[in-house]
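Each chain, written out:
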Amino acid sequence: MAWEFRKLGPGENVAVEASTDPFAGPKWAPPVWHMPEGLVLLVNLVRFLVRLTVFAVRNAVPLSVLAGLGWLGYRVGWVLPVVLVLVAGAGLGGWAVLDRPGFLRWVGYPARAKWRYVRVYRRDWQPVIVMAGLSRTHKGREYLPSIKRVRCGPASDRVLVQMLKGQAPDVWERATPNLAHGFGVSLARVRHGGRPGRVWLEFVRKDVLATPLPALPIPAAADVNLSGLVIGRCEDGSPWRLRVQGTHVLVAGATGSGKGSIIWSTVRALLPLMVAGLVEIWAVDPKRMELSFGRGLFERYGRYSDDPKGGMVELLEAAAEDMNRRAEEFGGVTRSFTPTTAHPFRLIIVDELAFLTAYCPDRDLRKRAEAALAVLTSQGRSVGYCVLGAQQDARKEVNNLRNLFPDRIALRLDESEQVDMILGDGARDRGAYADQISPIPQIGAGGGFVRLETVPDPVRVRAAYVSDDDISAMVAYTDHDTDDTDDDTYGPTLGAA
């Protein structure tokens with residue numbers, strides 16, 4: 001039978017049976033190509049060798065160990081390999097007992113990653129991806145994204161995925177609920193993959209932030225870093241380091257969400273430098289409740305005001321004026337700020353920012369407060385000023401200065417739209433579910449999501465809870481002789497974790 005090809009459209013070639021009858025209809029049928037058996041075997045052999053080589057390279061260490069044990073068993077008997085295995089097992093057990101973090105990092109987590117790759121992700125990959133709508137079918141052939149790497153941590157897994165050509169990360173962000181249920185985890189998030197065409201899928205297995213964190217030990221003055229104050233814990237178990245020098249911080253959360261935990265954990269971390277005269281805290285307390293516990297501390301090492309008739313605004317204006325004087329003094333002399341006793345770092349804490357910018361009944365005071373805050377947040381970070389503002393309402397008309405706060409923290413919020421108002425557009429799609437944080441204080445207070453100026457992906461964190469007794473102990477400590485400020489411990493009350 002003779003065949004000929006006819007081109008019907010761009011890229012579409014079909015075969016029809018050749019006929020000399022001009023009135024006969026075409027008989028559509030695909031041509032059958034007979035491949036030589038030798039060529040088929042050669043192609044399959046090459047595929048097998050390539051896959052074997054890739055497998056050997058990826059598993060070079062375990063294959064080398066098995067090969068070495070096999071060679072020893074063949075040459076000297078199987079007693080020596082068994083003894084070596086038992087000794088290695090005892091060594092790993094001792095390592096796990098003496099240095100558990102190091103053992104988990106180099107042995108435990110990589111082994112878990114291999115196991116979960118085979119047992120969970122590779123086994124369930126196709127049905128989950130298909131049902132989530134992330135696969136594509138073209139001309140009868142199914143195309144699936146591929147798994148490149150799996151990493152495991154104490155509470156979550158990270159899966160590096162090569163997306164299909166033409167896919168974008170937002171497609172995966174919309175499918176995160178499907179992925180979470182499909183792989184049996186509590187939460188799924190999408191992170192940037194490091195280069196175009198790839199994304200990290202973060203699967204949270206368990207919530208390590210479900211229990212409250214007690215007040216952290218006060219560090220030694222030499223260990224305090226203004227670029228990373230340890231005030232809590234991140235979701236992956238690492239310390240949460242809050243930067244205060246060179247930035248401004250906005251904290252937003254509903255009533256009872258734990259804004260005080262962030263404020264007092266920050267003050268607690270700065271206490272050694274406050275006693276040393278390198279840090280001052282100027283506190284503005286419209287509610288007269290949260291910061292009043294440490295009034296003696298602030299008045300000794302800074303300033304404090306809760307006067308709604310102008311005292312709080314005057315404090316902010318004094319800070320702005322001093323900042324301008326410092327900028328004139330530093331102009332043309334230095335471009336970087338280092339705290340000294342003559343020019344200490346100043347943290348301006350405003351407990352209820354919305355009262356000064358929107359709710360204050362005196363219109364003139366509102367304008368003055370907003371002007372002073374605008375000066376501080378737009379010019380202050382280069383000369384050693386940082387504004388830490390807390391508010392409940394996330395709307396822009398309540399605080400139109402929020403774009404001047406590079407670092408933002410969203411605690412429990414009432415509505416899903418408020419997440420993007422605080423953390424920026426698309427933050428909730430990337431996993432910042434601040435509206436789903438539990439209202440039960442023991443579970444959700446102090447927990448939230450952080451979005452830094454240089455990192456677009458939000459990070460889930462929880463601040464340590466500083467109780468009233470802890471605050472009273474901090475105030476009492478500052479009444480003692482400051483000769484002990486270089487000590488690494490501050491007694492059983494202050495140093496208890």
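As shown above, the structure is provided for reference.
One structure accompanies this document, and this report is about it. Since the model is a prediction, treat every value here as computed from it, not as a measurement. (Residues numbered from 1 in each chain as written. Predicted model: local features only at pLDDT ≥ 70, side-chain atom pairs only at ≥ 80, totals over all residues. Heavy atoms only, no water.)

Along the protein, the regular secondary structure elements total 15 helices and 18 strands. The burial tally for the protein puts 44% of its 497 residues in the buried class. Partitioning the contacts of the protein with sequence separation of at least 6, the portion at a separation of at least 24 is 63%. Carbon together with sulfur atoms contributes 57% to the accessible area of the protein, which is approximately 27,000 Å² in total. (Helix = DSSP H or I, 4+ residues; strand = E, 2+ residues; numbered from the N terminus. Buried < 20%, exposed > 50% of the residue type's maximum accessible area, 1.4 Å probe, protein only. Contact = heavy atoms within 4.5 Å. Areas by Shrake-Rupley, 256 points an atom, 1.4 Å probe, with all protein chains shown as cover.)

Here we take up the sheet that holds strand β16 (residues 407–410). The strand order across the open sheet built from 10 strands is β10-β9-β18-β17-β16-β11-β15-β14-β12-β13, with neighbouring strands paired in mixed fashion. Strands at the two margins of the open sheet, each flanked by one partner only, are β10 (239–242) and β13 (302–305). Within the sheet, the average angular offset between the axes of one strand and its neighbour, ignoring direction, is 25 degrees. As judged from the 4 bridges shared by strand β11 (residues 249–252) and strand β15 (residues 385–391), these two strands associate in the parallel manner. In the strand pairing of β15, V249 is matched with L388. On top of the sheet, helix α7 (residues 259–275) reaches β9 (229–234), β10, β11, β12 (279–284), β14 (345–350), β15, β16 and β18 (459–463); it is set at about 145 degrees to β9, its chief contact. Sitting on the sheet, helix α9 (residues 311–330) is in contact with β12, β13, β14 and β15, with an inclination near 145 degrees to β12. (Pairing = 2+ DSSP bridges. Axes fitted to C-alpha atoms, helices over the stretch in contact; angles between N-to-C directions.)

On to the pairing of β9. Summarising the sheet, β9 and β10 pair through 4 bridges and their orientation is antiparallel. The partner of V230 across the bridge, within β10, is R241. Taken together, β9 and the strand that follows it, β10, pair antiparallel across an intervening segment of 4 residues, in which G237 is found at a positive phi of about 95 degrees. Where β9 meets β18, 3 bridges bridge the pair, whose relative direction is antiparallel. Opposite C234, over in β18, you have V461 as the bridge partner.

A few words on the sheet that holds strand β5 (residues 146–152). Here we have 4 strands laid out as an open sheet, ordered β5-β6-β8-β7, and antiparallel in their pairing. In the strand order of this sheet, the two ends are held by β5 and β7 (187–192), each with one partner. Within this sheet the neighbouring strands show an average axis-to-axis angle of 25 degrees, counted without direction. Looking at chain direction, β5 and strand β6 (residues 156–162) are connected through 6 bridges and run antiparallel. The partner of S146 across the bridge, within β6, is Q162. Its contacts with the sheet put helix α4 (residues 100–131) on β5, β6 and β8 (198–204), and the angle it makes with β5 is roughly 140 degrees.

Along the chain, the position of I437 falls in the loop between α12 (417–423) and α13 (441–444). Classification of I437 by relative accessible area gives buried; the value is 13%. Measuring from C-alpha to C-alpha, the distance between I437 and R412 comes to 5.4 Å, with 25 residues separating the pair along the chain. Beyond its immediate stretch of four places on either side in the chain, I437 contacts L411, R412, G444, G447, G448 and F449.

It is generally the case that most residues other than glycine have a negative phi and that most peptide bonds are trans. Phi angles above zero are rare outside glycine, and K139 is one such case at about 55 degrees. If you trace the backbone, K139 turns up in the loop between β3 (136–138) and β4 (141–143). Positioned with a positive phi, R288 is a non-glycine residue whose angle comes to about 60 degrees. Note that R288 resides in the loop between β12 and α8 (295–300).

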